[in-house]
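Examining the three-dimensional arrangement
Residues per chain, in single letters:
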Amino acid sequence: MNLVRNHVLISIDAGTIMAGARAVEKALVEEINKQGLSGEIAVLETGSIGATGQGVVIVVYPEGIYYANVTPADAAELVEEHLLKGRPVKRLIMTEMPKQHVIKKEKTGLLREQPRIVLRNSGVINPENIDEYIAEGGYEALEKAFTDLKPAGVTKEVKDSGLMGRGGAAFTTAMKWEFAARAPGDVKYIICNADEGEPGTFKDRLILEGDPHKLIEGMILAGYAVGATKGFVYIRGEYALSIERLEKAITQARLYGLLGDDILESGFSFDIAVMKGAGAYVCGEETALIESLEGKRGHPRNKPPYPVTEGLWAKPTVVNNVETLANVPEIVRNGAAWYRGYGTDKCPGTKVYTIIGNVATPGLIEAEMGTTLRDIIYEYAGGIKDGKKFKGALVGGAAGAFMGPEMLDAKMDFVNLKEYAAVLGSGAILVMDEDADIVGMLQSVLHFFRHESCGHCVPCRLGTNQLAEIIDRIAEGKGKTEDVDKLVSISEVMRDTSFCPLGQSPVLPITSSLRFFRDEVYSRVQ
Amino acid sequence: MNLEELKKIREKAQKDVELRQKQARVRIVVGMGTSGIAAGARDVLKTFVEEVGKRNLSDVVVTQTGEKGLASQEPMVEVFEEDKPAVVYGNMDSEKAKRVVVEHVVNGHPVSEFAI
């Protein structure tokens, strides 16, 4: 056995690659070789550690020291001082640390402050090595499913856990599975919706980059429960690193016999293919996604029939979001009761958020369902940047709702937010400080809808156009009071008559902005 | 692959990952300050790493620290065992390091002639 004295984990995700992570990795390896430390220091790639905007981030174990904004020029000093002499390089140590990383890893699971279920391995293991996933309990859920639970038991466990779809619609996952399992037919499909198009959301990308095997295991379990033999991951074409890691993970799983025929000698066969999307927002809608998968133009279908009875190639199909499926192995492995220990009664578990905008530490966090917006912003994201005041947040992306200061203590979960006519959506939280311009924000959102409307139905095609023109008028100072009323009435008609959720969505940001920032919007019209 | 084989892979992989950030039974800390390195601490550290690796001692960590302030005794090494007082060794070299691994780390008898 070769003893490795120090492990240097370098966070490789789309953000850190842009900041030059590959160059830093190369410089570190070269420097380590130069100093003759290559046998005893290992440099490993890992996924996002949850901090963005801090350049290249590395972690040195066993000390567990985080460095931020590392450049290739720092490699010599890091190797000489820290790895050779054992003196951490203070000037590079991360100061603005995301909260969960302050807690050392060995305390995971003991401290409720760090309820990491989906992101448990992200930033800890090497996502390109299946053995590391297996070491952390990976594919244990499969063992349990095949030997104890059997398909009905897997569904029951997921049902008892209360898991709801994390893509935004919050439909009970087990119910979808049951419908598809009961639907007649020998050929059934599992589709993972990784077409993460909601502006400001990048959680699925980081889950895939940090722990691709978790998704694979979740899909196998879903396939087993439903009786499907084939799975598809429909993923944004822009997610180059996610695709690369996912494909690598699929290849490794096949080599180990965890995908393919007769998995673990259970008699169950399942395989996964990765399909790239071409970047249309509407293809995140499940029926448009299915059309696109079939090679057609990405337009939504009539419902019913729902995909669970007639989906891909008219076969029973389950479409689940990445985060939903990533919860499944942990639920099956640890049991529904364990899962219910997190979150609220009606909404168990955790939620992964991407928090962006005017906060001190933007990035990726996982918090229990029912955590207040205040805690998310002030505890996890370090509060408002530069000590400014909180003005509001856009929660759930473009199809989400604005929340004002009076919502800071609202418990964030799917059920509770519904009472406030707000949504959790995909989990994007865009925080605005006192200087933010609500009309400008609304303008961006409505322009986005105009750009992404697929043109299939009239209310959405014309409505999104009208909304964009009206908000432009208001932003230019040429709007009238009636224009504000028109925004509301047009979007309400769109909500009632549009074919799919795209056209039904603009009403939410419009009415919520008026609810919290009415005076500001009206001050901009004549 | 079957379930048994998966379990075997897990056991092996767990050991590898544990090494990265484990709670160790024994910690061997080599002083790697400027004077320590000048006196040959680099070789001592390397020997510890090799010896511990060779013997598959998965509950032992070898790590380094800075100057201890006793330059005349360098290279210096401290061995920490759970629930026991730390032992400090001075004037270490590769041969002495090998003996410390065998006698102290493996068999639990500190090598008193090297201790300071």
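In the block above lies the structure referred to throughout.
Conventions used here
Residues numbered from 1 in each chain as written. Chains lettered and ligands numbered in written order. Predicted model: local features only at pLDDT ≥ 70, side-chain atom pairs only at ≥ 80, totals over all residues. Helix = DSSP H or I, 4+ residues; strand = E, 2+ residues; numbered from the N terminus. Buried ≥ 20, exposed ≤ 12 C-beta atoms within 10 Å, placed from the backbone. Core = buried A, V, L, I, M, F, W, Y, C linked by C-beta atoms within 7 Å. Contact = placed C-beta atoms within 7 Å. Nonpolar A, V, L, I, M, F, W, Y, C, P; charged D, E, K, R; others polar. Pairing = 2+ DSSP bridges. Axes fitted to C-alpha atoms, helices over the stretch in contact; angles between N-to-C directions. Parallel < 35°, antiparallel > 145°, perpendicular 65-115°, else oblique. Left-handed = near helix turned anticlockwise from the far one by under 90°.

Now for the environment of A:E379. For A:E379, the location among the structural elements is in helix α14 (residues 373-380). Under the C-beta neighbour-count criterion, A:E379 is labelled partly exposed, with 15 such atoms within 10 Å.

A:L221, A:A222 and A:I376 are the most contacted members of the largest nonpolar core, which totals 139 residues. Sort the elements by how many residues they give to this core and helix α9 (residues 212-226) of chain A lands first, with 9 residues. When sequence neighbours within four positions are dropped, the list of residues in contact with A:I376 reads A:Y353, A:I355, A:A367, A:T371, A:A381, A:M412 and A:I429. Among the nonpolar cores identified, the runner-up in size contains 59 residues, and B:V49, B:L57, B:V61 and B:V62 belong to it.

Opposite the 26 residues of chain B that make contact, chain A presents 26 residues. Residue assignment for the side of chain B that touches chain A shows that the elements contributing at least two residues are α1 (3-20), α3 (41-54) and β2 (60-65) of chain B. If one sorts the elements of the side of chain B that touches chain A by residue count, α1(B) sits on top with 10 residues. In terms of residue class, the side of chain B that touches chain A is made up of 12 nonpolar, 11 polar and 3 charged.

All names here are of chain B. Across the sheet, 4 strands lie side by side as β2-β1-β3-β4; this open sheet has mixed pairing. Every other strand in the sheet has two partners, leaving β2 and β4 (87-89) as the edge strands with one partner each. Neighbour-to-neighbour, the strand axes of this sheet turn through a mean angle of 20°, independent of strand direction. Strand direction decides the pairing type here: strand β1 (residues 26-31) and β2, joined by 6 bridges, are parallel. Following the sheet pairing, V29 is matched in β2 by T63. Sheet strands in contact with helix α4 (residues 94-106) are β1, β2, β3 (77-81) and β4, and its direction is about 25° off that of β3.

Attention now goes to the packing of α9(A) against helix α10 (residues 240-255) of chain A. Residues and elements named next belong to chain A. Running from N to C, α9 and α10 point in directions that differ by 60°, and their axes come no closer than 9 Å. Overall, the two elements α9 and α10 adopt an arrangement that is oblique. Here the hand of the crossing between α9 and α10 comes out right-handed. Contacts from P212, H213 and I216 of α9 reach α10 at R245, L246, A249, I250 and A253. The residue makeup of the contact of α9 with α10, split by class, is 6 nonpolar, 1 polar and 1 charged.

Residue and element names in this part refer to chain A. If you walk across this open sheet you meet the 4 strands as β2-β1-β3-β4, and the pairing is mixed. With one partner strand each, in any of the chains shown, β2 (41-46) and β4 (65-67) form the two edges of the open sheet. Direction aside, the axes of adjacent strands within the sheet are offset by 20° on average. Where strand β1 (residues 6-11) and β2 come together, 6 bridges link them in parallel fashion. Note that in β2 the partner of H7 across the bridge is A42.

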